[in-house]
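Each chain is listed here by its residues.
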Amino acid sequence: MSLEINAILASGAVGSEIEVKGWVRTFRNNQFISLNDGSTIHNLQIVVDFNQTEEALLKRITTGAALHVKGELKASQGSGQKVELSAKEIIVLGDSDPEKYPMQPKKHSLEFLRENAHMRFRTQLFSAVFRVRHHLAMAIHKYFDEKGFFYLHAPIVTASDAEGAGEMFQVTNLNLENLPKTEQGQVDYNQDFFAKKASLSVSGQLQAELAAMGLGKVYTFGPTFRAENSNTARHLAEFWMIEPEVAFMDIHGDMDLAEGLLKYCIQYALDHCADDLQFLHERLDTEEKQKPQQERSPMPLIDKLKFCVENEYQRLTYTDAIEILLNCAPNKKGKFQFPITGFGVDLQSEHERYLVEKHFQKPVILINYPKEIKAFYMRVNEDNKTVAAMDILFPGIGEMVGGSQREERLDVLMKKMEEFHIPLHEMEWYLDTRRFGTNPHAGFGLGFERLVMFVTGMNNIRDVIPFARTPRNCEF
Ligand code: 4AD
Ligand code: MG
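First things first, this report covers the structure right here in the doc. (Residues numbered from 1 in each chain as written. Chains lettered and ligands numbered in written order. Predicted model: local features only at pLDDT ≥ 70, side-chain atom pairs only at ≥ 80, totals over all residues. Heavy atoms only, no water.)

Thoughts on helix H5 (residues 205-215)
Taken together, the buried positions of H5 are Gln 205, Leu 206, Gln 207, Ala 208, Glu 209, Ala 211 and Ala 212. The inward-facing, buried residues of H5 abut strand E8 (157-158), strand E11 (217-225), strand E12 (238-247), helix H13 (428-435) and strand E17 (441-447). Just past H5, the residue Gly 216 takes up positive phi, approximately 85 degrees. (Buried < 20%, exposed > 50% of the residue type's maximum accessible area, 1.4 Å probe, protein only. Helix = DSSP H or I, 4+ residues; strand = E, 2+ residues; numbered from the N terminus. Contact = heavy atoms within 4.5 Å.)

What to know about the site of ligand 1
Contacts to ligand 1 come from 24 residues, most closely from Glu 163, Gln 205, Arg 226, Glu 243 and Glu 399. Contacts to ligand 1 include Ser 203, whose side-chain N or O atom sits 3.0 Å from a nitrogen atom. Arg 406 places a side-chain nitrogen or oxygen 3.0 Å from an oxygen atom of ligand 1. Compared with its free state, where it exposes 630 Å², ligand 1 has 93% of that area covered by protein. Mapped by element, the contributors of at least two residues to the shell around ligand 1 are E12, strand E16 (398-405) and E17. Of all the elements, E16 adds the most residues to the shell around ligand 1, at five residues. Residues that form the shell around ligand 1 fall into these classes: eight nonpolar, eight polar and eight charged. (Near = heavy atom within 4 Å. Polar contact = N/O pair within 3.5 Å; in protein donor to acceptor, adjacent residues only side chain to side chain. Areas by Shrake-Rupley, 256 points an atom, 1.4 Å probe, with all protein chains shown as cover. Nonpolar A, V, L, I, M, F, W, Y, C, P; charged D, E, K, R; others polar.)

Looking at the sheet that holds strand E9 (residues 170-171)
The strand order E8-E10-E9 describes an open sheet built from three strands, whose pairing is antiparallel. Since the sheet does not close on itself, it has two edges, and those belong to E8 and E9, each with one partner. (Pairing = 2+ DSSP bridges.)

Some words on the side chain of Lys 371
Structurally, the position occupied by Lys 371 is in the loop between strand E14 (364-370) and strand E15 (386-394). For Lys 371, which is buried and forms no salt bridge, the nearest opposite charge comes from Glu 419, at a distance of 5.1 Å. One polar contact links the side chain of Lys 371 to the main-chain carbonyl oxygen of Asn 384, over a distance of 3.2 Å. If near-sequence neighbours (up to four positions away) are discounted, Lys 371 is found in contact with Asn 384, Lys 385, Thr 386, Val 387 and Phe 420. (Lys, Arg positive; Asp, Glu negative; His and termini not counted. Salt bridge = Lys/Arg side-chain N within 4 Å of Asp/Glu carboxyl O.)

Brief notes about the state of the cysteines
Within the structure shown, the criterion is met by zero disulfides. Here Cys 265 is not cross-linked by a disulfide; its sulfur's nearest cysteine counterpart is in Cys 273, at 11 Å. For Cys 265, a relative accessible area of 0% puts it in the buried group. (Disulfide = S-S within 2.5 Å.)

A look at the packing of aromatic side chains
Counted according to the given criterion, the structure contains 21 aromatic pairs. Plain terms: the ring middles of Tyr 151 and Tyr 219 are 5.1 Å apart, the flat faces sit at 20 degrees to each other, and that makes the pair stacked. Here the residue Tyr 151 occupies a position in strand E7 (residues 150-151), and Tyr 219 occupies one in strand E11, the gap between them amounting to 68 residues. For the pair Tyr 264 and Tyr 268, a centre-to-centre distance of 6.3 Å together with 20 degrees between the ring planes defines the contact as stacked. One end of the pair, Tyr 264, and the other, Tyr 268, are both in helix H6 (residues 251-272), four residues apart, so they sit about a helical turn from each other. Classification of Tyr 264 by relative accessible area gives partly exposed; the value is 22%. Tyr 268 gets classed as buried once you look at its relative accessible area, which sits at 9%. (Phe/Tyr/Trp six-rings, centres within 6.5 Å; stacked < 30°, edge-to-face > 60°.)

Quick notes on the nonpolar core
Grouped together as the largest cluster of nonpolar side chains are 70 residues, with contacts concentrated most on Ile 266, Leu 277, Met 390, Phe 394, Leu 446 and Val 455. Among the elements that make up this core, the one with the highest residue count is helix H4 (residues 124-146) (12 residues). Each residue touching Phe 394, except ones within four places of it in the same chain, is listed here: Leu 262, Ile 266, Cys 308, Tyr 313, Val 356, Pro 363, Met 400 and Phe 454. Counting residues in hydrophobic clusters, the runner-up holds 36 residues, among them Ile 324, Cys 328, Ile 340 and Tyr 430. (Core = buried A, V, L, I, M, F, W, Y, C linked by side-chain atoms within 4.5 Å.)

Quick look at the sheet that holds E12
Spatial strand order, E7-E11-E12-E17-E16-E15-E14-E13: eight strands in an open sheet with mixed pairing. Looking at the sheet topology across the chains shown, the edges are occupied by E7 and strand E13 (314-317). Bridge count for E16 against E17 is five bridges, and the pairing is antiparallel. When the sheet's bridge partners are listed, Gly 403 is paired in E17 with Phe 444. Most of the contacts of H5 go to E12, to which it runs at about 30 degrees, and overall it touches E7, E11, E12 and E17. In the packing of helix H11 (residues 349-360) onto the sheet, contacts are made with E13, E14, E15 and E16, and the angle to E14 comes to roughly 140 degrees. (Axes fitted to C-alpha atoms, helices over the stretch in contact; angles between N-to-C directions.)

Put into structure tokens, the structure is as follows:
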């Protein structure tokens, strides 16, 4: 039976006869194979006795080839590893033409790897990123499970635009070349699959609210889709979101829940991904050293992660944040692309990053935004100007979490929906939550890829999801 490399390295059982399967990372001097099987960032060194090995076989041991190796585990003479496998038999399971193999044992640019996303799992960097991504997903489920939440599968196809932002991908099986029309000349959705206009969900929140009204505490964790044409390093058209929703909870409980989740996930990664994070830490350090001093991140990766576990996040109101931004040097010197003029303006990522990276130098939770710039379902505060919204802003990322206490008063909610031009008759099911046993409740959305970006130190969101969907790009 073959063993996985992480188990072999952990056991260090010198003298045992073992078998292993993996892919060749490098083959040096016809003698040393670095073999990796994805179970760990570390390779197993295989020592080949080239006097005893047929030349035809040696030629087939090329970068990318899949091998099955049998041999004896020995203490290593060389530096860099404690044990190595002295090969007695090597079987090539799958050859790899070294001339054509795209993942050469040299440093490739991230752009090149993105274009070859089907192959990038085989690099040290991307296998590390995706192992960390896995552990973060486990951490999310553990956190909520330990707190007594129920995992809810929100639908992916929906007829409601939860965020009211109208950035949805339509789902239809109508023939787009020949659309059925009504007498008025409009598309006849009655003939569409669902007999109405349907789309991919931008958020599972509204359905989570329904479930929270019976289950108390729920969370969703699934793919969400937004057809926003923002070609940035922080936006995807398909991304994964975690959305808890809790009955009888206010905005303060919501902030505690979110801060607790982020800290738990980061600590979980530190505990479960030490080797991968060490590699990512060193990689980022090298990258940072190539930048001009003033653009460098003030903290190396692992220090930054620990900092975000150990320190309280700064909580302040939108109004106080505007005060800080109005009077800050970049605003006064006209350095912001979008100058801050006063209460009411939407914060851009340059402002969020100033608050987090320059002013407070730690994660920030902003609450009580002007009601006009936030979604219809957020609870109107006593001042009638702001809503009980909260955004968590992270260094290098900007908005990590967006959430709120929900408007539980039926009359206020209906009035808000009218102001936001949301057709009430299509949302009767949602309004029922406010008609029967309504209560103060709250929730938030955490962008999973943004969390993975922060923890891995990757700068582009396309590099933390296996296959990125962005405007004009749907490869693989
Ligand atoms: O702030 P958003 O739009 O909030 C909602 O969707 C609410 N329904 C959440 C809730 O209260 N249940 O999105 C939440 C988070 C953002 O803070 C961001 O981290 C992430 O989702 N996000 C994106 N991530 C990647 N690509 C995009 N296009 C994203 N849009 C939002
Ligand atoms: Mg938001």
